[in-house]
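This is what each chain is made of:
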Amino acid sequence: MERYPDIEIYLADADIETVQRWLAGHFDEPPTLVKRGKAQWQARARHAGNEVPILLVTQAADGFASLWFDSPHTPWPRDMDCARDAAQALGCEVRCSLGGWQPGDEPDRFWRVRADGEEGAIDWPDSGQ
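This one's a predicted model, so the numbers in the text were calculated from it and none came from an experiment.

Here is what the cut-offs are and how they apply
Residues numbered from 1 in each chain as written. Predicted model: local features only at pLDDT ≥ 70, side-chain atom pairs only at ≥ 80, totals over all residues. Heavy atoms only, no water. Pairing = 2+ DSSP bridges. Helix = DSSP H or I, 4+ residues; strand = E, 2+ residues; numbered from the N terminus. Buried < 20%, exposed > 50% of the residue type's maximum accessible area, 1.4 Å probe, protein only. Lys, Arg positive; Asp, Glu negative; His and termini not counted. Salt bridge = Lys/Arg side-chain N within 4 Å of Asp/Glu carboxyl O. Contact = heavy atoms within 4.5 Å.

Engineer: Before we move on, could you go through the pairing of strand β4 (residues 50-61) and cite the residues and values that matter?
Structural biologist: Two faces belong to every sheet, and in a regular strand the side chains alternate between them. Bridge count between strand β3 (residues 40-47) and β4: 8 bridges; the pairing is antiparallel. Note that in β4 the partner of Q42 across the bridge is L55. Pairing analysis gives 5 bridges linking β4 to strand β5 (residues 64-69), with the strands arranged antiparallel. The residue of β5 that forms the bridge with L56 is L67. Linking β4 back to β5 in an antiparallel pair, the connection comprises 2 residues, with D62 at a positive phi of about 45°.

Given below as structure tokens:
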């Protein structure tokens, strides 16, 4: 299975403590999210011996928080795998890209995973806020 160079998911409900507990179950060294600015939290985790920088922006887009793993060395090979795990574990709607982004891809098409497991492609236009 192809591994993406980084992973970004969008969480409808981003309670910091709950997200941190979920992350702790997936990394060799549990990350500690530290506030780094208005609505921004950062951490460094380790997975399979590799460092994984993490950034959580709680007010990223239309009521969703962005959770970005800046590494290919995550517990999940693709955004969609991470989104499914997060939706189930956190009990919230999660969105992510449809696949590896390429120039020319439709920027408003995303994959949505609901807490009940329902999932599918959606249009999610950027509101500019």
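Engineer: Hey, could you go over the side chain of D85 for me, with residue numbers and the actual values?
Structural biologist: Inspection of the secondary structure puts D85 in helix α2 (residues 79-90). Here D85 sits buried without a salt bridge, and the closest side chain of opposite charge, R84, lies 11 Å off (N-O distance). Beyond its immediate chain neighbours, meaning those up to four positions away, D85 contacts W22, H26 and W76.

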